[in-house]
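Understanding the architecture of this molecule
Chain residues, written in single-letter form:
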Number of protein chains: 6
Amino acid sequence: MARVVRNIARAERAVVDGLAAAGVATVHEAQGRIGLLASRLRPIYPGARIAGSAVTISAPPGDNWMVHVAIEQLQDGDILVLAPTSPCEDGYFGDLLATSAMARGCRGLVIDAGVRDVRDLTAMGFPVWSKAIYAQGTVKATLGSVNVPVVCAGAGVDLGDVIVADDDGVCVVKRADAAAVLEKARAREANEEAKRKRLAAGELGLDIYDMRGKLEAMGLKYE
Amino acid sequence: MARVVRNIARAERAVVDGLAAAGVATVHEAQGRIGLLASRLRPIYPGARIAGSAVTISAPPGDNWMVHVAIEQLQDGDILVLAPTSPCEDGYFGDLLATSAMARGCRGLVIDAGVRDVRDLTAMGFPVWSKAIYAQGTVKATLGSVNVPVVCAGAGVDLGDVIVADDDGVCVVKRADAAAVLEKARAREANEEAKRKRLAAGELGLDIYDMRGKLEAMGLKYE
Amino acid sequence: MARVVRNIARAERAVVDGLAAAGVATVHEAQGRIGLLASRLRPIYPGARIAGSAVTISAPPGDNWMVHVAIEQLQDGDILVLAPTSPCEDGYFGDLLATSAMARGCRGLVIDAGVRDVRDLTAMGFPVWSKAIYAQGTVKATLGSVNVPVVCAGAGVDLGDVIVADDDGVCVVKRADAAAVLEKARAREANEEAKRKRLAAGELGLDIYDMRGKLEAMGLKYE
Amino acid sequence: MARVVRNIARAERAVVDGLAAAGVATVHEAQGRIGLLASRLRPIYPGARIAGSAVTISAPPGDNWMVHVAIEQLQDGDILVLAPTSPCEDGYFGDLLATSAMARGCRGLVIDAGVRDVRDLTAMGFPVWSKAIYAQGTVKATLGSVNVPVVCAGAGVDLGDVIVADDDGVCVVKRADAAAVLEKARAREANEEAKRKRLAAGELGLDIYDMRGKLEAMGLKYE
Amino acid sequence: MARVVRNIARAERAVVDGLAAAGVATVHEAQGRIGLLASRLRPIYPGARIAGSAVTISAPPGDNWMVHVAIEQLQDGDILVLAPTSPCEDGYFGDLLATSAMARGCRGLVIDAGVRDVRDLTAMGFPVWSKAIYAQGTVKATLGSVNVPVVCAGAGVDLGDVIVADDDGVCVVKRADAAAVLEKARAREANEEAKRKRLAAGELGLDIYDMRGKLEAMGLKYE
Amino acid sequence: MARVVRNIARAERAVVDGLAAAGVATVHEAQGRIGLLASRLRPIYPGARIAGSAVTISAPPGDNWMVHVAIEQLQDGDILVLAPTSPCEDGYFGDLLATSAMARGCRGLVIDAGVRDVRDLTAMGFPVWSKAIYAQGTVKATLGSVNVPVVCAGAGVDLGDVIVADDDGVCVVKRADAAAVLEKARAREANEEAKRKRLAAGELGLDIYDMRGKLEAMGLKYE
């Protein structure tokens, strides 16, 4: 059952980078409001906004052995995604693993468990979205798998899917949909820009979106 | 049942601003240790300290339609207070709604649910106290009410009550009590300043508050 | 039952300061992966890294009387550790108590409950690791104890034990073990530094730690 | 601030008993889907279904003194409703207090905190809906209030409101609305009975409620 | 995006029933310790042990419209599996829907949200595994999908997968693997029966599984 | 670090059995309101009331190897107490281990993690107090310790301490204190019996405990 898939398809770099620029909320909307990971995943420091191809890890609770295996599979522009096989908040990952991952071009870590050495990770500029910050050490005793489909924080992630992460959380985009989602995200941004100006000028959403009639029809009463 | 109250009484601006300056902990103490919202509401960025008159929203889970309705009711100096009708952490509010609310003088949002676009909101200086940061989009399909009494994060909030919010959380002051609470808050601050100097000089609370006798009488033993 | 132990043994200052420099994750590993407090304790602001001798407080829920008693027992370099006798998130501690504690050389507070005035505490540079930030006031009506063994956030803490706290959380080191743990922590740091360089140069943990054979022997398959 | 209101108005007994027979889900629907207490309140044993007039208690965390005060205010058919002033799970109530409350005709307890002696309470047939089962003892040191408006588990409860509780949880009905809500609840039950028969016979809600057209209009696709 | 898949493949009835008899813990082990739904899903009454083919529902928070759509898709022996699109504990399902589902041969409901009318459901013998028991009503305003792949309580569920549920929780078995998993489950049971007898007779697992040597080799010390 | 202590002192059987008869709430009060384990530990079925000597297990997350080691250390009348070294809800224990433990006279299990096969355990009459019911399997790969001091669910437990558990939860009594605590528990029960009769006859706690004067002195107002 324990296996490592070596060759994974990845989305085009330009598409990935475009999704990073769009950010989580826009990408999530652009693809039809799907793909968000649970809100328990929070960034260890504010301000990071990244996207990359998922190298996935299915790991036993309290055992980070497979992280070492996964790092060998990293290519420039990838993001590690770790899903424990049962709920766990141990610190699977710290500054040494981050050093190794960065040396291979890794852009960050998404983990439904804990992380440690966050002061060092912040200083290094290695962003992590995690369920907990916890120094609890892990062992290297039991196998897991690398680059298999996982459910991470309530969302299905396949190897090579695009992960987008920023201060709003983490979103996954199916690799095959990435280019189309980017196009929709950009259209959405253009559309929002126009609305932002009107709203800033004091126009109301009630009028811009023409909601008054429908609200009245549904029975809203003003007193 | 779905209704919007248009005209709400508000506390005097000077009183509201005075309460902001006093901050949550002092206001909470000054009014007899009541009115705190639950600690699950946290600011999306540190350092904001605001007060304003509550424009309340009772909204269905995952439906932000009433936010648009509420924004029309905002006056300069108001704060939006959103209570979902059942537990929810969806992102009801983002940078477009904040742009619209700011254009009407809104000072911030208190929401027992989620918020998104927090990077933009931080850059705009629009403070939010929320239960979650979550990009999950909402629909506009079901009515709620605006400016009705709500229970938000465990505290009753009436339209026009004064909301005070800072890094310690959120507190509500009944509109009718606002001036009296401000007076007590200022008295408390003056009193605290004197104590702070004595404590900083090394005097003990045990002596300043004359606690030793009572502790001994109740049976505290020193070994 | 309510008692205060006045004279507690403390670890050597140089050892304590050495443990602070090593930080929580390293100290935790150096002493065999024990002594961590639960991850629900988080710092009120990032960047603090301290160590000190524990002055412990066992306090009833919602009653901070014993904090005043404990402050008298503080010596330069100590850390207050408060464990409520049942789960509580009230704000036992704020800027006045911090002023008093700092005047006696206290380095910080670890509390499995709430804290308030966090803006002031941040400005004063008084670090706190707490379960909650909550302005809820407390009473002074019921006795507790000072400098007795407590269980704080799941870890046993004896009076005079060394507390280490940073962005990764909080760890306790038995006083009698402190010097030995510091030695191991330093050895660990030296060892890590060498590995960090190799990892930064692109070597893999799989090779540095010689894992490939064992992984294969246990049945890991590459595809 | 600490006060006891002696004379409270109560709903008619027949109305109260009618609401008990209708149960929580029906009453909640009949009054427009309002008034539910949070789902964290659970019955200590299955099968109880009660209604009664609320005698409310606002109590400090870990202090059950006011329960004794409240028991004197009980009349036959009342229900005790305890809201702690900050989150707490201590065991405020056990078999002795239940004996006393039953002697005064009390029908049960709703408490956003803990309860103990649940084996005895079960044997006595005294139902409790609580946030926790926890033997932690409480003190009698600080005042609270009896028969004041409280927020209990997220719902506002006024003295004399009708409390309905069963295996689905707890619902509050404003005293003034109780008779009207009962009428609607009975109409709802009659209506449901007819539907139940049709559904049991295999008819579909899609047809009974005539949903197919609207679903199609909104864009639902069958594959 | 909103769609209903009408024709789904199902596992053989005899295989499904065999998995029910094996129970969750055995099935989970037999298929390599995968497929468990999160422990937050609990049965509304003890003692039920079922298996069936999944008819899946992806529903918006607080909106149970799609349950009506799903019921039309039920065949004898099916189990409804509802995953809300964001976290929700509203009561999507009660006795009327259960009556309808039972009329179509449905064996139970697995829902990562709330359920109500649990007294009636218990009396009817319609088992439910849910995250919450909560009477909160839902609307019928927004579309979702039926018989699409969902992630429910952290596990991926495809239409037609076999769901096994008992007092230990809920497990999903891929439809294509169901027969093979059943075979392994039966082998496991046979093997366990033999061990049970030896253990009941006082033999130790240390001896039956021959663990002593390995424990000693790894360094376990007896004092 | 991994070790097993073979010979542990135990309290007298008659004392242990007396504590079981007194139950958790009474024992907790009798020993001065200390020693309760956190309320997250709940019995898997109602009605069990046991006491026994603690055989403790410190186990890694998701690894139940040490349970086998601990079972060999069991004597008639013991209770297993398992504390994971970091938070975990995996199912460490099921019917086979219970069969083995019962064969050695074990009275039950207290575990700050998960348990499975609860239907079988209930049928066997083997009581468990656990944090979760979860079928997740565990491995046997990493050592822990048996009969060392542990912190279990927030309470310190030493080998040979007396564990008392019933529907109210779990309490630990220091072995050396067990006889004295039993005496106090019995005195308390006798005293409670007298009060119970008076309360059942309608006397008020306000009068029995002579509270009226103190309440008035502290400022309680009747309206």
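Here goes a summary of the coordinates provided.

About the cut-offs
- Residues numbered from 1 in each chain as written.
- Chains lettered and ligands numbered in written order.
- Predicted model: local features only at pLDDT ≥ 70, side-chain atom pairs only at ≥ 80, totals over all residues.
- Heavy atoms only, no water.
- Helix = DSSP H or I, 4+ residues; strand = E, 2+ residues; numbered from the N terminus.
- Buried < 20%, exposed > 50% of the residue type's maximum accessible area, 1.4 Å probe, protein only.
- Contact = heavy atoms within 4.5 Å.
- Areas by Shrake-Rupley, 256 points an atom, 1.4 Å probe, with all protein chains shown as cover.
- Lys, Arg positive; Asp, Glu negative; His and termini not counted.
- Charge placed at Lys NZ, Arg CZ, Asp CG, Glu CD.
- Least-squares fit on C-alpha atoms with pLDDT ≥ 70 in both.
- Buried area = accessible area lost by both parts, 1.4 Å probe.
- Salt bridge = Lys/Arg side-chain N within 4 Å of Asp/Glu carboxyl O.
- Polar contact = N/O pair within 3.5 Å; in protein donor to acceptor, adjacent residues only side chain to side chain.
- Nonpolar A, V, L, I, M, F, W, Y, C, P; charged D, E, K, R; others polar.
- Pairing = 2+ DSSP bridges.
- Right-handed = clockwise from strand over helix to strand, strands pointing away.
- Axes fitted to C-alpha atoms, helices over the stretch in contact; angles between N-to-C directions.
- Parallel < 35°, antiparallel > 145°, perpendicular 65-115°, else oblique.
- Left-handed = near helix turned anticlockwise from the far one by under 90°.
- Phe/Tyr/Trp six-rings, centres within 6.5 Å; stacked < 30°, edge-to-face > 60°.
- Disulfide = S-S within 2.5 Å.

1. Observations regarding the overall build of chain A
- Across its full length, chain A carries eight helices and twelve strands.
- Taken along the three principal axes of its C-alpha coordinates, chain A extends 65 × 40 × 35 Å.
- Across the 223 residues in chain A, those meeting the buried criterion constitute 63%.
- Long-range contacts, defined as pairs at least 24 residues apart, comprise 76% of the intrachain contacts of chain A with a sequence gap of at least 6.
- Total accessible area on chain A stands at roughly 7,600 Å², and carbon and sulfur atoms take up 49% of it.
- The positive charge centre, built from 26 side chains, and the negative charge centre, built from 28, are 2 Å apart in chain A.

2. Quick word on the relation of the copies chain A and chain C
- Superposing chain A onto chain C takes a rotation of 120° plus a shift of 0.0 Å along the axis, which leaves an RMSD of 0.0 Å. Overall, the copies show the geometry of a three-fold rotation axis.

3. Points about the interface of chain A and chain C
- Taken together, the contacts link 36 residues of chain A with 35 residues of chain C.
- For the chain A and chain C pair, buried surface summed over both sides reaches about 3,100 Å², with 57% attributable to carbon and sulfur atoms.
- When residues of chain A are sorted by the area they lose upon contact with chain C, Trp65(A), Leu96(A) and Arg119(A) head the list and together hold 21% of the total.
- Across the pair Arg3(A) and Glu223(C) runs a salt bridge whose closest N-O atoms are separated by 3.0 Å.
- Our count for the chain A to chain C interface comes out at 14 residue pairs in polar contact (both at pLDDT 80 or more).

4. Quick look at the pattern of salt bridges
- The tally for this structure, following the rule as stated, stands at 108 salt bridges over all chains.
- A salt bridge links Glu192(C) to Arg188(C); its shortest N-O distance comes to 3.6 Å. Here Arg188(C) and Glu192(C) lie together in helix H6 (residues 178–200), a separation of four residues that amounts to about one turn.
- The partly exposed category is assigned to Arg188(C), whose relative accessible area is 27%.
- In this structure, Arg196(E) engages Glu192(E) in a salt bridge whose closest nitrogen and oxygen atoms are separated by 3.8 Å. On the criterion of helical spacing, the pair formed by Arg196(E) and Glu192(E) is a turn pair, its members being four residues apart in helix H6 (residues 178–200).
- Classification of Glu192(E) by relative accessible area gives buried; the value is 14%.

5. A few points about helix H4 (residues 95–103) of chain D
- Burial within H4(D) is extensive, with seven of its nine residues counted as buried.
- Looking at the packing, one finds that the buried side of H4(D) touches helix H3 (65–73), strand E4 (78–84) and helix H5 (118–124) of chain D together with helix H6 (178–200) of chain F.
- Downstream of H4(D) by a residue or two, Gly105(D) has a phi angle that is positive, lying close to 90°.

6. What to know about the relation of the copies chain D and chain B
- Under the fitted operation, chain D is carried onto chain B by 0.0 Å of movement along the axis and a turn of 180°, and the coordinates agree to an RMSD of 0.0 Å. Those values place the two copies in the arrangement expected of a two-fold rotation axis. Residue Gly154(D), judged by its C-alpha, is the member of chain D lying nearest the rotation axis, at 2.4 Å.

7. Some words on the interface of chain D and chain B
- The interface is formed by five residues belonging to chain D together with five residues belonging to chain B.
- The contact between chain D and chain B buries some 380 Å² in all, and 72% of this surface belongs to carbon and sulfur atoms.
- Together, Met1(D), Val151(D) and Gly154(D) form the three largest contributors to the area buried by chain D at its contact with chain B, with a combined 69%.
- Where chain D packs against chain B, one counts zero salt bridges.
- Run the count over chain D and chain B and you get zero residue pairs in polar contact (both at pLDDT 80 or more).
- Along the lines of polarity and charge, the residues of the side of chain D that touches chain B split into two nonpolar, three polar and no charged.

8. Structural notes on unusual backbone geometry
- In this structure, Asn147(C) is a non-glycine residue whose phi angle is positive, near 60°.
- Summarising the element assignment, Asn147(C) is placed in the loop between strand E7 (145–146) and strand E8 (150–152).
- By relative accessible area, which is 1% here, Asn147(C) ends up buried.
- Of note, the phi angle at Asp117(E) is positive, near 60°, even though the residue is not glycine.
- Within the fold, Asp117(E) resides in the loop between strand E5 (108–115) and helix H5 (118–124).

9. Remarks on the pairing of strand E6 (residues 128–133) of chain D
Residue and element names in this part refer to chain D.
- Of all six residues in E6, five are buried, a share of seventy percent or more.
- Here two bridges tie strand E2 (residues 42–43) to E6, and the two strands are oriented antiparallel to one another. Each bridged residue has a counterpart across the sheet, and for Pro43 the counterpart in E6 is Trp129.
- Both strand E5 (residues 108–115) and E6 contribute to a ladder of five bridges, which runs parallel. Looking at E6, one finds that Leu109 is bridged to Val128.
- With H5 bridging E5 and the parallel E6, this β-α-β connection has right-handed handedness.

10. What to know about the packing of helix H4 (residues 95–103) of chain A against H6(C)
- Running from N to C, H4(A) and H6(C) cross one another at 15°; their axes reach a closest spacing of 8 Å. Taken together, the axis directions place H4(A) and H6(C) in an arrangement best described as roughly parallel. Once H4(A) is placed against H6(C), the crossing between them reads as right-handed. Residue-level contacts link Asp95(A), Leu96(A), Thr99(A), Ser100(A) and Ala103(A) of H4(A) to Glu192(C), Arg196(C), Leu199(C) and Ala200(C) of H6(C).
- In terms of residue class, the contact of H4(A) with H6(C) is made up of four nonpolar, two polar and three charged.

11. A short note on the arrangement of the chains
- No interface is formed between chain A and chain D, the nearest pair of C-alpha atoms being 15 Å apart.
- A gap remains between chain C and chain E, which never touch, and the nearest two C-alpha atoms on either side lie 15 Å apart.

12. Some words on the packing of helix H3 (residues 65–72) of chain C against helix H4 (residues 95–103) of chain C
All names here are of chain C.
- Where H3 contacts H4, the axes come no closer than 9 Å and their chain directions differ by 15°. Classified by the interaxial angle, the pair formed by H3 and H4 is roughly parallel. Remark: the crossing between H3 and H4 carries left-handed chirality. For the pair H3 and H4, the contacting residues are Val67, His68 and Ile71 in the first and Leu97, Ser100 and Ala101 in the second.
- A class-by-class count of the residues in the contact of H3 with H4 yields four nonpolar, two polar and no charged.

13. Looking at the packing of aromatic side chains
Residue and element names in this part refer to chain B.
- Per the counting criterion, the structure on display carries six aromatic pairs over all chains.
- For the ring pair Phe93 and Phe126, a centre distance of 5.6 Å and an interplane angle of 20° mean the geometry is stacked. Of the two residues, Phe93 is situated in the loop between strand E4 (78–84) and helix H4 (95–103) and Phe126 in the loop between helix H5 (118–124) and strand E6 (128–133); the sequence distance between them amounts to 33 residues. Phe126 carries the same exposure label as Phe93, and that label is buried.

14. So, the state of the cysteines
Residue and element names in this part refer to chain A.
- Going through the model one piece at a time under the given rule, you end up with zero disulfides over all chains.
- We note that Cys106 lacks a disulfide partner, and the nearest cysteine sulfur, in Cys152, lies 14 Å from it.
- Note on Cys106: relative accessible area 7%, which makes it buried.

15. Overview of the environment of Tyr45(B)
Residues and elements named next belong to chain B.
- Among the secondary structure elements, Tyr45 is positioned in the loop between strand E2 (42–43) and strand E3 (50–59).
- For Tyr45, a relative accessible area of 17% gives the class buried.
- Between the C-alpha atom of Tyr45 and that of Pro127, which follows or precedes it by 82 residues, the distance is 7.2 Å.
- The contacts of Tyr45, once residues within four sequence positions are left out, are Leu121, Thr122, Gly125, Phe126, Pro127 and Asp167.
- At 3.4 Å, the side chain of Tyr45 and the backbone oxygen of Gly125 are in polar contact.

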